[in-house]
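# A closer look at the structure
Here is what each chain is made of, one letter per residue.
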Amino acid sequence: MKVLSAILLSILISACSSTPSQTSQSDTDAPEIVQYINQSIHGYRYQDYKKFDNNLGYALRYVKEDEPTIVASVFVWPTPESTKSYSHKEIIYAVTKASLDDIYVVEKLGDYQNVNVLEAVAYDNDVIVTKHKLSLTYQDIPRITLLYVSEHQGDLLKVRLTMDNNPKNIARQDIDQFVMAVFSEIVKAKAKL
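Residues numbered from 1 in each chain as written. Predicted model: local features only at pLDDT ≥ 70, side-chain atom pairs only at ≥ 80, totals over all residues. Heavy atoms only, no water.

## Brief notes about the nonpolar core
In terms of nonpolar packing, the biggest core is built from 30 residues, with L60, Y62, Y148, V159 and L161 touching the most fellow members. Breaking this core down by element, the ones donating at least two residues are β2 (44-51), β3 (58-64), β4 (71-78), β7 (141-152), β8 (155-164) and α4 (174-192). Examining the composition of this core, we find that 7 residues originate from one element, α4, more than from any other. Aside from chain neighbours lying at most four places away, what touches L60 is I33, V34, I37, Y46, D48, Y49, A72, S73 and V74. (Core = buried A, V, L, I, M, F, W, Y, C linked by side-chain atoms within 4.5 Å. Buried < 20%, exposed > 50% of the residue type's maximum accessible area, 1.4 Å probe, protein only. Helix = DSSP H or I, 4+ residues; strand = E, 2+ residues; numbered from the N terminus. Contact = heavy atoms within 4.5 Å.)

Printed below as a string of structure tokens:
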């Protein structure tokens, strides 16, 4: 499991820190999936995308229609060939650990302070989805960040949302519904590609 975590961590860091491969947002540059996904999903509207160099996938950005300060980054990238021998569960847990480790690295660098896990859940149906709710301070502002990770037929899926730390946002239930809906949209769209 440590080898899998190391492999996935290096790929995850490369993907999330890569320079976007395009500078414009024209429709011809967009990932093909954009033409197959709904522009509005559970109260969030598709805004734009970011492609990563070296075929490391892309991120789709959705904004909550009635609360534009809530932005969801939806990352999609291929499961590395080197991890194909691992189980679905092992891959998801390794990516989840690597994603959390990224947050702790940013804390050690001083950009985040007071990172604490408030909730950790794994939904285990046909497809495993992990969810972590964390509190942190960014630029002296208390924030909540939610991290979801899954994998489906060769694609890793991750959603991250960050918002103000207040009782309303801590108690939100609509985000789980959006994430499950966007994962479902991506799976359906990928089947059309």
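What follows continues from the structure just given.
## Some details on helix α2 (residues 88-108)
For α2, with 21 residues, the first-to-last C-alpha span of 30 Å sits near the 30 Å given by 1.5 Å per residue. Those residues of α2 that fall on the buried side of the exposure criterion are I91, I92, A94, V95, T96, A98, S99, L100, D102 and I103. Positive backbone phi, at 100°, marks G110, one or two positions downstream of α2. (Expected span 1.5 Å × (residues − 1).)

## Quick look at the environment of D164
For D164, the position within the fold is in strand β8. When residues no more than four places from it in sequence are discounted, the contact partners of D164 are I141, P142, R143, I144 and N169. Reaching out from D164, the side chain makes a polar contact with the side chain of R143 at a distance of 2.5 Å. (Polar contact = N/O pair within 3.5 Å; in protein donor to acceptor, adjacent residues only side chain to side chain.)

## What to know about the pairing of β8
With 8 of 10 residues buried, β8 is to be regarded as a mostly interior element. One ladder, built from 8 bridges, connects β4 with β8; its direction is antiparallel. By the bridge assignment for β8, W77 is matched with L156. Inspection of the sheet shows β7 paired to β8 by 10 bridges, in the antiparallel sense. Bridging across to β8, Y148 finds its partner in V159. Count of turn residues in the β7/β8 antiparallel hairpin: 2 residues, of which Q153 carries a positive phi of about 45°. (Pairing = 2+ DSSP bridges.)

Take it as geometry only, folks, not as evidence of what the structure does.
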